[in-house]
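Here's the letter readout for the chains.
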Amino acid sequence: MHRPLKLAYGFFAALIILSSMGCANQRDMYSAKSPLAISGSEMAYFWVTKDTLISWQRILPQSTVETTQDKASYKVSFVINTSGEMQQVNIVNTSDGNKIPEDELNGVGEYQFYPTAQNISRQAVMINTIITL
């Protein structure tokens, strides 16, 4: 009677180990595919810039910066992928709703990011924030 009980316990332990490994692998696959949506203030928990801070005035087309006499606010969203690259940058002027075309943005590809110690898995993130220039 003890032998069937030992086999049942062994089978149960193997099942738990295999299912937990499967869940861990599924989580890693999910994180690589879908960026986690976060705010600008939460970005520092996942990624930090490599060499410099992000200069939105440099990224915006010069014509946009020159025509703005008063302070202007922009709704900004972008993705930091698992390689630490800035992608899918979307900038919209909040006062008039005009979207800045992506092909007019300057130097977006120059910004690189390091994962933080809390982001060992290199979780891709989508940052949504408002900037004022």
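Residues numbered from 1 in each chain as written. Predicted model: local features only at pLDDT ≥ 70, side-chain atom pairs only at ≥ 80, totals over all residues. Heavy atoms only, no water.

A. Structural context of the packing of aromatic side chains. Scanning the entire structure with this criterion turns up one aromatic pair. Here W56 and F78 contribute two aromatic rings whose centre-to-centre distance is 5.7 Å and whose plane-to-plane angle is 50°, an arrangement assigned as tilted. Here W56, found in helix α2 (residues 56-59), pairs with F78, found in strand β3 (residues 73-80); they are 22 residues apart in sequence, far enough to count as distant. Across the pair, F78 and W56 agree in class, each one buried. (Phe/Tyr/Trp six-rings, centres within 6.5 Å; stacked < 30°, edge-to-face > 60°. Helix = DSSP H or I, 4+ residues; strand = E, 2+ residues; numbered from the N terminus. Buried < 20%, exposed > 50% of the residue type's maximum accessible area, 1.4 Å probe, protein only.)

B. Spatial organisation of the nonpolar core. Core analysis: the biggest nonpolar cluster contains 23 residues, and W56, F78, I80, M86 and I91 have the highest contact counts within it. Counting only elements with at least two residues in this core, the list comes to α2, β3, β4 (86-93) and β7 (125-132). For this core, the element with the highest residue contribution is β3, accounting for four residues. Those residues within four positions of F78 in sequence are excluded, and the remaining contacts are M43, I54, W56, M86, Q87, Q88, V89, V125, M126 and I127. (Core = buried A, V, L, I, M, F, W, Y, C linked by side-chain atoms within 4.5 Å. Contact = heavy atoms within 4.5 Å.)

C. Broad picture of the environment of S39. Checked against the element boundaries, S39 lands in strand β1 (residues 36-39). On the accessibility criterion, S39 (26% relative accessible area) is partly exposed. Each C-alpha atom, one on S39 and one on T129, is 5.8 Å from the other, the two residues being 90 residues apart in sequence. Those residues in contact with S39 that sit more than four places away from it in its chain are I127 and N128.

D. Structural detail: the environment of M126. On the secondary structure map, M126 appears in strand β7. A relative accessible area of 27% places M126 in the partly exposed class. On a C-alpha basis, the gap between M126 and M86 in space is 9.6 Å, while along the polypeptide they are 40 residues apart. Leaving out residues up to four positions away in the same chain, M126 has contacts with P35, L36, A37, I38, F78, V79 and Q88.

E. Fine view of the sheet that holds β3. Strand order in the open sheet made by the five strands is β1-β7-β3-β4-β5, with mixed pairing throughout. Among the strands making up the open sheet, the edge pair consists of β1 and β5 (99-100). Sheet topology places β3 next to β4; six bridges connect them, and they run antiparallel. In the strand pairing of β4, Y74 is matched with N93. (Pairing = 2+ DSSP bridges.)

F. Quick peek at the side chain of T116. Among the secondary structure elements, T116 is positioned in the loop between β6 (113-115) and β7. One polar contact links the side chain of T116 to the main-chain carbonyl oxygen of Y45, over a distance of 2.6 Å. In this structure T116 touches A44, Y45, F46, W47 and V48, once residues within four positions along its chain are discounted. (Polar contact = N/O pair within 3.5 Å; in protein donor to acceptor, adjacent residues only side chain to side chain.)

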